[in-house]
Amino acid sequence: MELLKLENVSKKIKNKDIVKSISLTVNSGEIVGFVGPNGAGKTTTIKMIMGLFSLTQGRIAICGYDIQTDFEQAMKTVGGVIENPDLYLKISGRKNLEYFSSFYGEAAFKNIDPVVSLVKMSQRIDERMSSYSLGMKQRIGLAQALLHMPSLLILDEPTNGLDPIGIKELRETLKSLSKDSGIGVFISSHLLSEIEIICDRVYIINNGEIIEHRVLASDSSNPIKRYRFEVGETELACRYFEQEGMACQSGPGSVFAEMQRDAVPEAIKGLANYGVKLYSIELAQRSLEADFIDLTQTNDGQIF
Amino acid sequence: MDFFKQTATELRMLFYSRALTVLAALVILVSAGIPFMSKFTRSRMRTVYNNYAFMKSDFGSEEPIIVDGITVNPDNPMFYEIRYMKETIINIESGSIFTLSTEGSAKAAIEIAEERIGFFAQCAQHIKEYSYSTDVAYMSANLVAESYVLKSLLEGSASASDLEAAYMSIAYSHSFSRQFIELTPEEQQAKLDDINRRIADTLSYFQTKEIQKYVMVKKCIENDNIEMFKMQIADLEAEIIKNPIKEDDLSMQIQELAKQIAYINEINIPMLDFREKYSIEPNNDSWENAAIASFESNKAYIFYNEIIDREKFASQQYYTDQYKTYEAYVKAMQQMISDANINILISQRSLETGKPDLAFVTDGSRYMAFSFLQSSFVPTALSMMAGGFILANEFQSGTIRLLLIRPRSRTKILLSKYCSVLVFSILVFALACLVNMAANCLLFGFADMALPKYTPGGQQGFFAFYLPKALLCILPLLFSVSFVLIVSVFARNAALSIVVPMVFYIASFLVTQTLAFSPNNAWGWVKYTPIPYYNIASLFARAADTYTSYMSRQVYSIPMGIGILTATSAAFLAAAIIRFKRLDITN
Ligand SMILES: Nc1ncnc2c1ncn2[C@@H]1O[C@H](COP(=O)(O)OP(=O)(O)O)[C@@H](O)[C@H]1O
Ligand SMILES: [Mg+2]
């Protein structure tokens, strides 16, 4: 089921195009990454999704409800954190959650304790927010997004301020939410590596445009990697890989191809059958991350 | 339903703010404390007043004077008079008073002075401190001199000219000969009897403190004054016939004197009648005296403020500046006169029923509770802070981002925040009024609350009078919360949204104060702004009125204030909602 659908969404602020005709979707049970360097337009896009920004153009639907015409219905099915989790600092974490629950009804109140224990804050939930570290605030931020058991979770750079263990825990939480409860997760980050392993798909955004959309291997224990094949006939090798549906680049005396580890023996056999002389195979150190950097750093890394 | 629940939740959030609750508690505490403070200052002021130097004799270090076996101590109010007369005698004996050139006149003057000393000494037996009685004693001192003159004339013991010189050196007469010499011996005898009776009455009043005697004595003094004014008028009329050129000037003087006679007849005499009828002793702090004083001042106001005619109005810069048109002037004057008449009515009703209006019991719980409404600016200021805190701070702290992603329209969210702030301020205000009233009742008596408030049409219970006014005081709260709301939404800065309305609030006070002292037409447009109605309680008519509020009431009306405060509040709220609905949350 399509939980989130953006169709040609644009945002102009003071005559500057911040987001340019973005289209994307998030389905239930899916974790979708939204990756781009600082200033790429991630927060702007998410603010439009959550109703904090008006749309200059386009259409956004959450669980089928157009946010411009059915805002309240749409918001019942989505939870999220935008930028820093700014909560009410003078009151306790619990009181914050109680306050936000009041917007959803009784069920949300009942969810407070389970959600708090899910984000592992049960011990300190009655302390004032101002005594929390950024990581703890992130946890409460996630908790408030889950109070009403939303179908769609939207998180804007949730790994900020989390320590490596916290990041690992967050990944696991999100993974179980999506796989066990069928929640769709849309998660932005400026670091692909932090979310890559849990994402089913990623959209890469730069300068307000989506420049890449990739489907990642569904099983993270068998990720797509890039291999360098030292071959006699590069053109022939390339033709073979393309025929197999694998991404391929040819260089002098060797060919780069992307495939899962399991597919490597098959490729060796296939190349031999094709009449390609294979001298050696090695794992090329380029990952998606490297591509990402390549893709987004076309302007000397200047932030726009 | 949802909306009320949400407002309740927002209200609870307000109470979570420690700073705000501490502030609210402080306001309520101060409200309860005000009656205690005012009780303290009142008793303190009374002590200071009683000890005030001029009230006591300055001659504390001098020896007491003994007259006819009566010891007059230096702290006695009569001491100074006696001493002065003793000095006069010494001066006469040394021949330093040149009007007393003959032996007979000097002798008569000394005897008059001695008579007076005797009279004062007798007064001193009963008058131990300054009071209404003291004034009566001073005013009656002339009687002793008159009695002496008449006695001497009847006995032939001194010549008329010696007596006149002696009399004039110590007392005063507009026309000595008409007052004493031109009378037939029968008339002189009758007058002497009358004066001796009056002296006896005066002394017996001092002794018994009987109101009837006091009224009698005072009425005679007033009649003396009337007689004197009449004599002066007769003289002036004669002068006009002799000197027609001066007619304008002289007839104006006659008018003045006639007015003074009328004042006595219309104001002083009825006041004495009140005292007699209701046994109101002068010189104490009773409400009856306050009622009589109010009767006097309002009567005097009407007496001295007649509506001048169009020509005279046009010729007086002061009036044209103040009122612009003659019609406006007449309207204002009629209003003031009608106010004064109502006050007179209230005095009379209070005296008739024996149940005082709150205006006359300034240390009563009703008056104190009513006056407290004027302090409603304290909760107003508090409500601004609450508003600033809850609204602008959402933007500043970024919590707005987590707030607006809820399944609620922005209008609903803003309205429930607005209502919660309003309810919070009203709660604090109501609680402040309540604890203040309780403390007042405790300190100044519960019984006072049961007394009525008089209106032109009759009377009403205190709460029927008080509650509508207390409710009116909510309007400034409504306005200031709306003000904070609009600044919050447009400036999105907590400090600004408190400071801007605060500055406006203080400025509005200053402007209203200043305008009260400046001609009406300067800044005439101000009355179409919320400025003069910010402290709407200042427009309530009160007994102990300040000049500012008195002047303000001439220009600014409460119905207008209700309209303007409501309209601006609604406009602010609408503008805030419209702006908020399309706002991009950039924080
Ligand atoms: N209110 C605003 N006014 C002008 N420019 C803005 C505003 N908000 C964001 N931008 C610009 O839009 C771009 C994208 O910002 P943002 O969406 O916050 O990026 P990201 O979240 O991907 O780091 C940036 O260049 C930023 O400067
Ligand atoms: Mg961002």
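All residue numbers refer to positions counted from 1 along the written sequence of the respective chain. Chains carry letters from A onward and ligands carry numbers from 1 onward, assigned in written order. A pLDDT threshold of at least 70 governs which residues receive local features in this predicted model, and a stricter bar of 80 or more applies before side-chain atom pairs are shown or counted, although totals over entire chains, interfaces and linings include all residues.

Novice: I keep staring at the overall build of chain A and nothing clicks. Help me out?
Specialist: Under the DSSP-based scheme used, a helix requires at least four consecutive residues in state H or I and a strand at least two consecutive residues in state E, with every element numbered from the N terminus. A count of helices and strands for chain A gives ten helices and 14 strands. Dimensions of chain A, computed from C-alpha atoms along their principal axes, come out at roughly 70 × 45 × 35 Å. Of all 304 residues assigned to chain A, the portion counted as buried reaches 42%. A residue pair is marked as a contact if its C-beta atoms, positioned from the backbone, fall within 7 Å. In chain A, of all internal contacts separated by at least 6 residues, the share reaching a separation of at least 24 is 70%. The exposure label follows from counting other C-beta atoms within 10 Å of a residue's C-beta, where the C-beta atoms are placed from the backbone and the thresholds are 20 or more for buried and 12 or fewer for exposed, leaving partly exposed in between.

Novice: Can you walk me through the overall build of chain B in this structure?
Specialist: In terms of helices and strands, chain B carries 23 helices and four strands. The principal-axis extent of the C-alpha atoms belonging to chain B is close to 110 × 60 × 45 Å. Split into buried and exposed, the 587 residues of chain B put 36% on the buried side. Across chain B, every contact between residues at least 6 apart in sequence was considered, and the portion connecting residues at least 24 apart equals 74%.

Novice: What's the story with the packing of helix α11 (residues 287-304) of chain B against helix α14 (residues 326-353) of chain B in this structure? I'm lost.
Specialist: To characterise two packed helices, one gives the angle between the axes of the helices and the distance between these axes. Residue and element names in this part refer to chain B. At a minimum axis distance of 9 Å, the contact between α11 and α14 shows a crossing angle of 155°. The angle between α11 and α14 places the two elements in the roughly antiparallel class. Pair α11 / α14 crosses with left-handed handedness. Across the interface between the two elements, Glu288, Ala291, Ser294, Phe295, Asn298, Lys299, Tyr301 and Ile302 of α11 pack against Ile337, Ala340, Asn343, Ile344, Ser347, Ser350 and Leu351 of α14. For every element, the axis is a line fit to its C-alpha atoms; helices are fit only across the contacting stretch, and the angle between N-to-C directions ranges from 0 to 180 degrees. Should an angle fall under 35 degrees it is called roughly parallel, over 145 degrees roughly antiparallel, and 65 to 115 degrees roughly perpendicular, with every other angle called oblique. It is the rotation of the near helix from the far one that decides the hand of a crossing: anticlockwise by less than a right angle makes it left-handed, clockwise makes it right-handed.

Novice: Whenever I open this one, the site of ligand 1 confuses me. Can you help?
Specialist: Inspection of the region around ligand 1 gives 13 residues, with Gly39(A), Lys42(A), Thr43(A), Thr44(A) and Thr586(B) positioned closest. Those residues lying near ligand 1 are distributed over chains A and B. Looking at the shell around ligand 1 element by element, the count peaks at three residues for helix α1 (residues 42-49) of chain A. In the shell around ligand 1, the residues fall into four nonpolar, seven polar and two charged. For each residue, a C-beta position is placed from the backbone atoms; the residue is near a molecule or strand when that point lies within 6 Å of it. Amino acids are sorted into nonpolar (Ala, Val, Leu, Ile, Met, Phe, Trp, Tyr, Cys and Pro), charged (Asp, Glu, Lys and Arg) and polar (every other residue, Gly among them).

Novice: How should the interface of chain B and chain A be read in this particular structure?
Specialist: Often, the extent of an interface is quoted as the loss of accessible area on bringing the components together. Opposite the 20 residues of chain B that make contact, chain A presents 24 residues. Those elements giving two or more residues to the side of chain B that touches chain A turn out to be α1 (2-16) and α17 (399-403) of chain B. Looking at the side of chain B that touches chain A element by element, the count peaks at four residues for α1(B). In the side of chain B that touches chain A, the residues fall into seven nonpolar, seven polar and six charged.

Novice: Any chance you could explain the domain arrangement of chain A here in plain terms?
Specialist: The assigned domain composition of chain A is domain 1 (2-215) and domain 2 (224-291). The centre of domain 1 of chain A, based on its C-alpha atoms, is set 38 Å off from the matching centre of domain 2 of chain A. Residue ranges assigned to the domains are those given by an automatic or database domain assignment.

Novice: When you look at the sheet that holds strand β13 (residues 254-260) of chain A in this model, what are you seeing that I'm missing?
Specialist: Strand pairing in a sheet relies on backbone hydrogen bonds, with the paired strands running either antiparallel or parallel. All names here are of chain A. Read from one edge of the open sheet, four strands run β12-β13-β11-β14, paired in antiparallel fashion. The open sheet terminates on both sides in strands that have one partner only, identified here as β12 (248-251) and β14 (278-283). When the angles between neighbouring strand axes are averaged without regard to direction, this sheet yields 25°. By this definition, two strands are paired if DSSP reports at least two bridges between them. Of the pairings in the sheet, the one linking β12 to β13 comprises four bridges and is antiparallel in character. Paired with glycine 251 across the two strands is serine 254, which belongs to β13.

Novice: I'm lost on the packing of helix α4 (residues 103-126) of chain B against helix α5 (residues 132-155) of chain B in this one. Help?
Specialist: All names here are of chain B. Packing of α4 against α5 brings their axes to within 9 Å, and their N-to-C directions diverge by 140°. Judged by the angle between their axes, α4 and α5 are oblique. Crossing of α4 over α5 shows right-handed handedness. Each of Ala108, Glu111, Ile112, Glu115, Arg116, Phe119 and Cys123 in α4 lies in contact with α5, whose residues at this interface are Ala137, Ala141, Val144, Ala145, Tyr148 and Ser152.

Novice: What exactly am I supposed to notice about the pairing of strand β6 (residues 78-81) of chain A here?
Specialist: Along any regular strand, the residues point their side chains to alternate faces of the sheet. Residue and element names in this part refer to chain A. Burial along β6 is two-sided: Val78 and Gly80 and Gly79 and Val81, pointing in opposite directions, are all buried. With four bridges joining them, β6 and strand β7 (residues 152-156) adopt parallel strand pairing. From the neighbouring strand, valine 81 faces β7, where its bridge partner is leucine 155.

Novice: Hey, could you run me through unusual backbone geometry in this one?
Specialist: With glycine set apart, most residues show a phi of negative sign, and most peptide bonds adopt trans. At Asn8(A), a residue that is not glycine, the phi angle is positive and equals roughly 45°. Take Asn8(A): there are 12 C-beta atoms within 10 Å of it, and that puts it in the exposed class. Positive phi, normally seen in glycine, also occurs at Arg492(B), with a value near 50°. By the element assignment, Arg492(B) lies in the loop between α20 (474-491) and α21 (494-516).

Novice: How do you make sense of the sheet that holds strand β9 (residues 201-206) of chain A when you look at a structure like this?
Specialist: Residues and elements named next belong to chain A. Within the open sheet, the six strands sit side by side as β6-β7-β8-β3-β9-β10. Their pairing is mixed. Each end of this open sheet is capped by a strand with a single partner; those strands are β6 and β10 (209-215). Neighbour-to-neighbour, the strand axes of this sheet turn through a mean angle of 15°, independent of strand direction. Examined bridge by bridge, β9 and β10 share six bridges and lie antiparallel to one another. Each bridged residue has a counterpart across the sheet, and for asparagine 206 the counterpart in β10 is glutamate 209. This element, helix α5 (residues 134-146), spans β6 and β7 of the sheet and lies at about 165° to β6. Sheet strands touched by helix α6 (residues 164-181): β3 (31-35), β7 and β8 (184-189). Its angle to β8, the strand with the most contacts, is close to 150°.

Novice: How should the environment of Ile127(B) be read in this particular structure?
Specialist: Relative to the helices and strands, Ile127(B) resides in the loop between α4 and α5. With sequence-adjacent residues up to four places away left out, Ile127(B) is seen in contact with Pro77(B), Met78(B), Ser133(B), Thr134(B), Ala137(B) and Phe206(B).

Novice: What exactly am I supposed to notice about helix α18 (residues 410-444) of chain B here?
Specialist: Because the α-helix completes a turn every 3.6 residues, residues three or four places apart line up on one side. Under the convention used throughout, the expected extent of a helix is 1.5 Å for every residue step, that is, one less than its residue count. In this model, α18(B) (35 residues) spans 50 Å end to end at C-alpha, consistent with the 51 Å of a helix rising 1.5 Å per residue. At the C-terminal side of α18(B), Gly445(B) shows a positive phi close to 100°.

Novice: Can you help me understand the environment of Asp224(B) in this one?
Specialist: With respect to the secondary-structure elements, Asp224(B) resides in helix α9 (residues 211-242). Taking the C-alpha atoms as reference points, Asp224(B) and Leu539(B), 315 residues apart in sequence, are found 43 Å from one another.

Novice: Explain the environment of Phe120(B) to me, please; I cannot follow it from the model alone.
Specialist: Positionally, Phe120(B) belongs in helix α4. Along the sequence, Phe120(B) and Pro270(B) sit 150 residues apart, while their C-alpha atoms lie 29 Å from each other.

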